[in-house]
Amino acid sequence: GRSAALRARMEERLLSARFRYINQQLYTSSSQEAVQLFQNDPEAFKIYHRGFAQQVGRWPENPVDRIVRYLRKRPASLVVADFGCGDCKIASSVRNKVHSFDLVPLSPLVTVCDMAKVPLAAESVDIAVFCLALMGTNLQEILEEANRVLKQGGTLMVAEVASRFEDIRAFMNAMTQLGFKSVSK
Ligand code: SAH
């Protein structure tokens, strides 16, 4: 009875500690290293996504829902690329053509690849999304990839935890340098 409950609680704590550890690894290593991380330890991905879902479940709003609402208000003919798609909530919630990219396939809708190099032609999408997925120390390369696949005048949507930014203004300036114009924040 009580010892089983204690054991379950301790296991839960260990899992959430592992989630935070993996999450931190993803934010502090290059996307090529992230590929290696999950290839060497497939279990890590399951733990990561369980922890991710738990964490986001505690927030008052999940940003992916907001992105889905935004997409539903715009024409279904717009083509979307979802970088670091996780469980493909976007692809499964809208009528648009959605290209979903991640390192490991949580859903059959995922195209497995490093988001720094996606199998899409230049200027082929209208909307590129990074929902809690702007990870990796090679961010510049990743955002240049998003820029490459976006059509002229296309839209880049970023949802990220505020505390992840050391300096929002520097980030916005860097985005301008990469060719993006801020439309709303
Ligand atoms: N966008 C989803 C999932 C966010 S979790 C949502 O909001 O629900 C972040 C996701 O980014 C994870 O699934 C992780 O595997 C993926 N990711 C991290 N680095 C990546 C990379 N280099 N290439 C592709 N996907 C990556």
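As recorded by an unreviewed UniProt entry, the chain carries the name Ribosomal RNA-processing protein 8 and is attributed to Anseranas semipalmata. The Subcellular location (unreviewed entry) comment attached to the chain in UniProt states, word for word, "Nucleus, Nucleolus". Listed in UniProt under the heading Sequence similarities (unreviewed entry), the comment for the chain reads: "Belongs to the methyltransferase superfamily. RRP8 family."

Around the ligand, 18 residues are found, and the nearest of them are His49, Gly84, Asp102, Met115 and Cys131. One of the side-chain nitrogen or oxygen atoms of His49 is found 2.7 Å away from an oxygen atom of the ligand. At a separation of 2.8 Å, a nitrogen atom of the ligand approaches a polar backbone atom of Met115. Protein chains bury 98% of the 580 Å² of accessible surface belonging to the ligand in isolation. Elements with a contribution of two residues or more to the shell around the ligand: helix 2 (31–40) and helix 3 (42–57). A total of four residues in the shell around the ligand trace back to one element, the largest contributor, which is helix 3. For the shell around the ligand, the class distribution of residues is 12 nonpolar, four polar and two charged. Here the shell around the ligand gathers at least three residues from each of two domains, domain 1 (2–57) and domain 2 (63–178).

Turning our attention to the pairing of strand 1 (residues 80–83). Here strand 1 shows no split at all, with Val80 and Asp82 on one side and Ala81 and Phe83 on the other all buried. In terms of strand pairing, strand 1 meets strand 2 (residues 98–102) through four bridges, oriented parallel. Within strand 2, the position partnered with Phe83 by the bridge is Phe101. Note: strand 1 against strand 4 (residues 125–131), four bridges, orientation parallel. Bridge pairing links Val80 to Ile127 in strand 4.

An α-helix turns once per 3.6 residues; consequently, residues spaced three or four apart project the same way. Between the first and last C-alpha of helix 3 there are 23 Å, a value that for 16 residues agrees with the 22 Å anticipated at 1.5 Å per step. Listed in full, the buried residues belonging to helix 3 are Ala44, Phe45, Ile47, Tyr48, His49, Gly51 and Val56. Looking at the packing, one finds that the buried side of helix 3 touches helix 1 (2–28), helix 2 and strand 2.

Read from one edge to the other, the open sheet built from five strands follows the order 3-2-1-4-5, with strand pairing classed as parallel. The open sheet terminates on both sides in strands that have one partner only, identified here as strand 3 (110–112) and strand 5 (150–159). Averaged over all neighbouring strand pairs, the angle between strand axes comes to 25°, with direction disregarded. Contacts from helix 5 (residues 139–149) reach strand 1, strand 4 and strand 5 within the one sheet, and its direction differs from that of strand 5 by about 140°.

Conventions used here
Residues numbered from 1 in each chain as written. Predicted model: local features only at pLDDT ≥ 70, side-chain atom pairs only at ≥ 80, totals over all residues. Heavy atoms only, no water. UniProt positions renumbered as here; feature names shortened; annotations may be inferred. Near = heavy atom within 4 Å. Polar contact = N/O pair within 3.5 Å; in protein donor to acceptor, adjacent residues only side chain to side chain. Areas by Shrake-Rupley, 256 points an atom, 1.4 Å probe, with all protein chains shown as cover. Helix = DSSP H or I, 4+ residues; strand = E, 2+ residues; numbered from the N terminus. Nonpolar A, V, L, I, M, F, W, Y, C, P; charged D, E, K, R; others polar. Domains from an automatic or database assignment. Buried < 20%, exposed > 50% of the residue type's maximum accessible area, 1.4 Å probe, protein only. Pairing = 2+ DSSP bridges. Expected span 1.5 Å × (residues − 1). Contact = heavy atoms within 4.5 Å. Axes fitted to C-alpha atoms, helices over the stretch in contact; angles between N-to-C directions.

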